[in-house]
Each structure stands twice: as structure tokens, then as C-alpha cells.
Amino acid sequence: MTTVLNQLAARPRYIPNDPRPSLIGLTRDELAAALARAGVAEKQRRMRMGQLWHWIYHRGATSFAAMTDISKELRTRLDEVFIIGRPEIVTEQVSTDGTRKWLIRLAPDERGAAHEVETVYIPEEDRGTLCISSQVGCTLTCTFCHTGTQKLVRNLSANEIVAQVMIARDRLAEWPHQIEAMKTPPAGGRYITNVVLMGMGEPLYNFDNVKRAMAVVSDGEGLSLSKRRITLSTSGVVPEIPRAGEEIGTMLAISLHATTDEIRNKLVPLNKKYPIKELLDACRAYPGLSNARRITFEYVMLKGVNDSLADAKRLVKLLAGIPAKVNLIPFNPWPGTQHECSDWEAIEAFAEVLNKAGYASPVRTPRGRDIMAACGQLKSESQKLRAKERLAVEAGA
Ligand code: SAH
Ligand code: SF4
């Protein structure tokens, strides 16, 4: 059964069409520059930037008024020119297995369209994973993916990517001071131990914003999620993979899903541009790989398409020489899909071939299927604003 929580009373007030820019998602240097624009004197800027950083990313403050070690005068000034609120949570759904999904309405873009994205939290015994989106929709059209059927596409800003992590922290009540006040805090002091860029969108087609957002999320004096616990998943945008390793520096996951170009061309059309050999060469060259730092290869199990023993053996050959683990993902159905999930026996037999060859290949238990929160099920009905609202935006109301 699905529970939809409506009592989101604790959420910060959200003002649609607020003309003030948000400070969330700015890097430290950008934050210092924003303070300069607000009139903060140069000799104070570094110190003020540090204070703001602490309040925003360590304390989870949602208003300047809470920042008691900053003078009242400056707080009022900051409130005049900036915001630090969050985008609006439209719905929060909780699956029977504890998975949570938030539908988040983003502030209208310059054309007045109010898009929505989904963020999913998956609690497990030894970890809690937050799955975040990097785009509204996706320009790619993998045949098994619901997101790929969404027409409207735009990149998320660094602000909108970071805000997903902050919204999850708000709703799970896991800011450090909240954890300290708990009688039975979560093991390790946090609910979100890992972040995966596996929601909506292709992160490497939104490189700069993803890079900036991950710098903010991994900052040790703020949200403090180590890059070793952040995984970026790509469908195989080969030219960006070396840069991703050097400049973003997170762990890498590759949506492989097939062992021949013929089949991958059909499943992941991007393969026609960047075939399997080029993709795996880029993986071999990914910086910092070792047995402790492996690439994850995702492989969605599609009945009669990519799930034979011959496929499993070919996969072992393809991965030779790459520190790798394989995630076998049972296909998650969605309305209108042509595909079916492989039979359980086929998945087990496939996994066994990989295990025998020495590859850890856990079968990913589908999570949150009852609320359409599982891999590949995300899709938002991005709305266009009604004419009246659009006019108000254009008039700067
Ligand atoms: N665009 C990126 C990241 C988002 S998709 C990428 O493709 O890697 C996250 C993972 O879910 C990918 O491995 C994707 O192939 C997989 N996926 C997509 N649709 C799925 C479905 N219906 N069932 C199971 N996994 C799916
Ligand atoms: Fe886009 Fe990834 Fe879905 Fe392919 S699997 S359509 S790349 S989100």
C-alpha cells in the first residue's frame, strides 16, 4: 500500500517566482562573489562566507533570521537580496518497503514553465541511498526506460541538484544537530550514506552543473558526503568520461545492458555514436581505479533480449582487465513498455556465470515499485504554467 503524506507543515515557505537568487548550489568562491555584490566588505568576505556555508550546509538553515552569529543588519540585507529556501515538495510517498519518493516542483524557468523532478531515498540495512536527478526528462531514448519517454527536457541547475539532497535531509530530519538530539540515532550518524546520480536524466549531458553540485555536496564542512560514496551513472557519453574522472571525481557506473553492439544499439541508441569498445576503453582509462575503487556496470535483465548464458560469458570477456562489479537490475515495468523482466532462473544463472568469473554481481532487489520509484520508472508530468500565471511571471510579479 502506498501512503501519501500531505502534512508537510514543517517545510520552509516557498515563494513562487521569487526574483531573489538562491545561494544554494554556489561553490565557495561563487558565494564569496555573491556577498561582494551584496556589499559585504572585502576583508569580511571570507569569514562571512564561512559562516553562511556552515548555516546553510551544516545546520540546514532555511532562513537568514536563524543565523544568530551574523549581525541583524547583515541578516536583513541578505534577506533583501537572496533566498536559501527549497523548491516545493508536491508529494511525498512512502513505499511499503520504506523507500520514499519526493516529487519536487522547481521554480519556473525563464519561459515560465514549472518543471518537476523526482528524488528517491532507499533505506537498506547497512546504508541509505539517495537517488537524485540531473535533468528534467532525458534527451536519450533507451527503450526500457520510462524517463526516456518524457518529451520535455531541461538541465537542472547546480542549485536544483543540491536542493534535492537538502530536501531529503529536511524530510528525514538528519541535520547534525537533529541527529545529536535523537535518542536512537542511525548507525554512523546519518540516514543518507550514499548518493547516486541515477534518477532522471543523463548527468554527463549536464556536466558543469553536476560538477559544481558535487563539489558542494562533497564539501567536508557542509553536506559532507565523500566522493567515494557518490556514484555517477552514465549511459556512455564517452568523450566526457575522462573529464568526469578528473574534474568531478566521483565513482562511476556504466549502463551497459548488452554485450553486442547490435543489441546495445537497439536498447541504448547512444551506442551507435559510442560503441561498446570505445566505452570500455574509456572505462579502462578512468583515473584512480583499483580493486577497492571499481566501476559498477549496470545490466537490466530483459527477457529474451540480453539474458542468455552466452551474454553472461561475453560480459565476462568484455570486462577483462577492468576493476568492475556488475549490478543486475531486474527490469521494472511501466505503463506502455514493450519489455518484460527476465525469469528468476535466468537471472540466477546469469549471476552465477559472473560470480564464477570472480565478479561480485548482486541482483538489485527492486525497491519502491508500488510508488513507481524503482530504477527507470521515474517520469514527471512537467506542467506548463497556465496562461494567467505565465503573464504574471512575464510582468515580473
Ligand atoms: N541516465 C543515466 C542515469 C539514470 S538511469 C544512465 O542511463 O545511466 C539509472 C539506471 O536505471 C540506468 O542503469 C538505467 O539503465 C536503469 N534503468 C532504466 N530503466 C529501467 C527499468 N525500467 N528497469 C530497471 N532499470 C532501468
Ligand atoms: Fe536517459 Fe538513462 Fe533513461 Fe537512457 S536509461 S533514457 S540515458 S535516463
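What you see is a predicted model, and the numbers here were worked out from it, not measured in a lab.

Asker: Tell me about the site of ligand 1, and please be specific about residues and values.
Answerer: Close contacts around ligand 1 come from 21 residues, with Phe-144, Gly-201, Ser-233, Ser-255 and His-257 the closest. One of the side-chain N or O atoms of Ser-233 is found 2.6 Å from an oxygen atom in ligand 1. One nitrogen or oxygen atom from the main chain of Asn-332 is found 2.9 Å from a nitrogen atom belonging to ligand 1. When isolated, ligand 1 has an accessible area of 540 Å², and the protein chains bury 96% of it. Residue assignment for the shell around ligand 1 shows that the elements contributing at least two residues are β9 (230-234), β11 (295-301) and β12 (324-330).

Asker: Summarise the nonpolar core; cite the residues concerned and give the values.
Answerer: In this structure, Leu-23, Met-214 and Phe-297 are the most contacted members of the largest nonpolar core, which totals 101 residues. With eight residues, helix α4 (residues 158-172) is the single largest residue contributor to this core. Residue contributions to this core reach at least three from each of two domains, namely domain 1 (23-84) and domain 2 (88-371). Each residue touching Met-214, except ones within four places of it in the same chain, is listed here: Ile-132, Ile-161, Leu-197, Lys-227, Ile-230, Ile-248 and Thr-250. With six residues, the next largest nonpolar core counts Ile-122, Cys-131, Ile-371 and Ala-373 among its residues.

Asker: Go over the packing of aromatic side chains with me, naming the residues and quoting the values.
Answerer: Under the criterion given, the structure shown has two aromatic pairs. Seen from their ring centres, Tyr-299 and Phe-350 are 5.0 Å apart, and the 35° between their planes marks the pair as tilted. Residue Tyr-299 is located in strand β11, and its partner Phe-350 is located in helix α11 (residues 344-356); the two are separated by 51 residues in the primary sequence. The lysine or arginine in question, Arg-28, covers the ring of Trp-53, its NZ or CZ lying 4.6 Å from the ring centre. For Arg-243, the ring lying beneath its charged end belongs to Phe-207, and the centroid distance is 3.8 Å.

Asker: I'd like a description of unusual backbone geometry, backed by residues and values.
Answerer: For Ala-173, which is not a glycine, the phi torsion comes out positive at approximately 55°. Counting through the fold element by element, Ala-173 comes out in the loop between α4 and α5 (176-180). Residues other than glycine seldom take positive phi values, yet Ser-224 does so here, at roughly 60°. Of note, Ser-224 is situated in the loop between α6 (207-217) and β9. Overall, Ser-224 belongs to the partly exposed group, its relative accessible area being 26%.

What counts and how
- Residues numbered from 1 in each chain as written.
- Chains lettered and ligands numbered in written order.
- Predicted model: local features only at pLDDT ≥ 70, side-chain atom pairs only at ≥ 80, totals over all residues.
- Heavy atoms only, no water.
- Near = heavy atom within 4 Å.
- Polar contact = N/O pair within 3.5 Å; in protein donor to acceptor, adjacent residues only side chain to side chain.
- Areas by Shrake-Rupley, 256 points an atom, 1.4 Å probe, with all protein chains shown as cover.
- Helix = DSSP H or I, 4+ residues; strand = E, 2+ residues; numbered from the N terminus.
- Core = buried A, V, L, I, M, F, W, Y, C linked by side-chain atoms within 4.5 Å.
- Buried < 20%, exposed > 50% of the residue type's maximum accessible area, 1.4 Å probe, protein only.
- Domains from an automatic or database assignment.
- Contact = heavy atoms within 4.5 Å.
- Phe/Tyr/Trp six-rings, centres within 6.5 Å; stacked < 30°, edge-to-face > 60°.
- Lys NZ or Arg CZ within 6 Å of the ring centre and 35° of its normal.

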